[in-house]
Amino acid sequence: MQRRKETKVLSNNPIGIFDSGFGGLTVMSKINKLLPLESLIYFGDTAHIPYGSKSKNAVVRFSKEIASFLIKNHVKLIVIACNTASAFALSILKRTFDVPIVGVIESGAKASVLASKSKNIGVIGTEGTVNSESYINEINKISKSNVYQQSCPLFVPLVEEGWISGKIADAVVKKYMVPLLKKHIDTLVLGCTHYPLLKGILRKNINEKIVFIDSAETVAQEIVNVLKQKSLLATNDGNKFLKFYVSDNPKKFQTIGNKFFWKKIHNVKKIDMEQR
Ligand code: DGL
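Residues numbered from 1 in each chain as written. Predicted model: local features only at pLDDT ≥ 70, side-chain atom pairs only at ≥ 80, totals over all residues. Heavy atoms only, no water.

## Concerning the site of the ligand
Alright, step 1. Around the ligand lies a shell of 14 residues, among which Asp19, Ser20, Tyr51, Gly52 and Thr84 are the nearest.
Alright, step 2. The contact in question runs from an oxygen atom of the ligand to an N or O atom on the backbone of tyrosine 51, over 2.7 Å.
Alright, step 3. Threonine 84 is positioned such that a nitrogen or oxygen atom in its side chain is 2.6 Å from an oxygen atom of the ligand.
Alright, step 4. Compared with its free state, where it exposes 290 Å², the ligand has 99% of that area covered by protein.
Alright, step 5. Within the shell around the ligand, the residues separate by chemical class into 6 nonpolar, 7 polar and 1 charged. (Near = heavy atom within 4 Å. Polar contact = N/O pair within 3.5 Å; in protein donor to acceptor, adjacent residues only side chain to side chain. Areas by Shrake-Rupley, 256 points an atom, 1.4 Å probe, with all protein chains shown as cover. Nonpolar A, V, L, I, M, F, W, Y, C, P; charged D, E, K, R; others polar.)

Right under this line is the structure:
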């Protein structure tokens, strides 16, 4: 078993956020909005994206390496912005590292239970997230519900290509949503980093009464709670920074990221496996 690392934390140390690629920028963006004083370090594992179709072993291995890298960079808390990595690696990372670690699934599950009156909840995610049944387990821990899942493997490439509206996106959304909508769900969990970017086209095809749960929003609130509880909220010392690291192709990350992030991304650094 890997030894737990002793980690000294200071409130003005950065928050580390990681994802398989640029999708977790949706989470980073919400954290920055809610916690503007916090310094943030983002790691996008662009050499290994997509995580959604990979095995648990592989995703756990990548997640451990990234968490070690973030800890070396003195983060005070780690956010697993990726749903697939949260599903596969959250409990293992919590056992391995001493800093608080927050995944996106627990808070999304909580929010869906609060929102659902009929207790018929839909969950969309990658193959990995759906097969892990993590959302089903988390939701049922809080309140017994009927959870209907649908994996949507074509959503990630659609978003990455920027095809978030138009005929092709419409057809794909219909194909995935029709079986789910037959279950009379009143709440839909957008269980993947990329799906908040499809809210427009999803809403076009889905009755207004169905509530969307955006894990990026719910996890940002959870982080505020954890930092408050541990007295780790940053103070205004004028040294706030945002840093971006990837495992491959920083240029592409910057170009795609700029489309979806709230501000221009600069200075994306590539980290080689050996350097981590
Ligand atoms: N970040 C992944 C997730 O939220 C989606 C992209 C991927 O498959 O790597 O599950």
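## Description of the sheet that holds strand β8 (residues 211-214)
Alright, step 1. If you trace the 4 strands from one edge of the open sheet to the other, you get β6-β5-β7-β8, paired in parallel fashion. Looking at which strands have only one partner, the edges of the open sheet turn out to be β6 (146-151) and β8. The mean angle between the axes of side-by-side strands here comes to 25 degrees, regardless of whether they run parallel or antiparallel.
Alright, step 2. Pairing geometry for strand β5 (residues 120-125) and β6, over 6 bridges, is parallel. If you follow asparagine 120 over to β6, its bridge partner there is asparagine 146.
Alright, step 3. Seen against the sheet, helix α6 (residues 134-142) touches β5, β6 and β7 (187-191) and runs at an angle of roughly 160 degrees to β6.
Alright, step 4. Packed on one face of the sheet, helix α8 (residues 167-181) meets β5, β6 and β7 and runs near 165 degrees to β6. (Pairing = 2+ DSSP bridges. Helix = DSSP H or I, 4+ residues; strand = E, 2+ residues; numbered from the N terminus. Axes fitted to C-alpha atoms, helices over the stretch in contact; angles between N-to-C directions. Contact = heavy atoms within 4.5 Å.)

## Topic: the sheet that holds strand β9 (residues 242-246)
Strands in a sheet are paired, the pairing made by backbone hydrogen bonds, and the direction either parallel or antiparallel.
Alright, step 1. One open sheet holds the 6 strands; their spatial order is β4-β3-β1-β2-β9-β10, and the pairing between them is parallel. Pairing within the sheet leaves two strands with one partner each, and these edge strands are β4 (101-103) and β10 (268-270). If you compare each strand with its neighbour and ignore which way they point, the axes differ by 20 degrees on average.
Alright, step 2. Relative to β10, β9 runs parallel, the two sharing 3 bridges.

## Considering the pattern of salt bridges
Alright, step 1. Within the structure shown, the criterion is met by 8 salt bridges.
Alright, step 2. In this structure, glutamate 138 engages lysine 141 in a salt bridge whose closest nitrogen and oxygen atoms are separated by 3.0 Å. Of this pair, glutamate 138 and lysine 141 both sit in helix α6, 3 residues apart, which is roughly one turn of that helix.
Alright, step 3. Judged by relative accessible area, lysine 141 falls into the exposed class, the value being 64%. (Salt bridge = Lys/Arg side-chain N within 4 Å of Asp/Glu carboxyl O. Buried < 20%, exposed > 50% of the residue type's maximum accessible area, 1.4 Å probe, protein only.)

## Structural notes on the packing of helix α2 (residues 56-72) against helix α3 (residues 83-96)
Alright, step 1. Packing of α2 against α3 brings their axes to within 9 Å, and their N-to-C directions diverge by 55 degrees. Viewed along their axes, α2 and α3 adopt a mutual orientation that is oblique. Relative to α3, the crossing made by α2 is right-handed. On the side of α2, the interface is formed by Lys56, Val59, Val60, Ser63, Lys64 and Ala67, while α3 contributes Thr84, Ala85, Phe88, Ala89, Ile92, Leu93 and Thr96.
Alright, step 2. Grouping the constituent residues of the contact of α2 with α3 by class yields 8 nonpolar, 3 polar and 2 charged. (Parallel < 35°, antiparallel > 145°, perpendicular 65-115°, else oblique. Left-handed = near helix turned anticlockwise from the far one by under 90°.)

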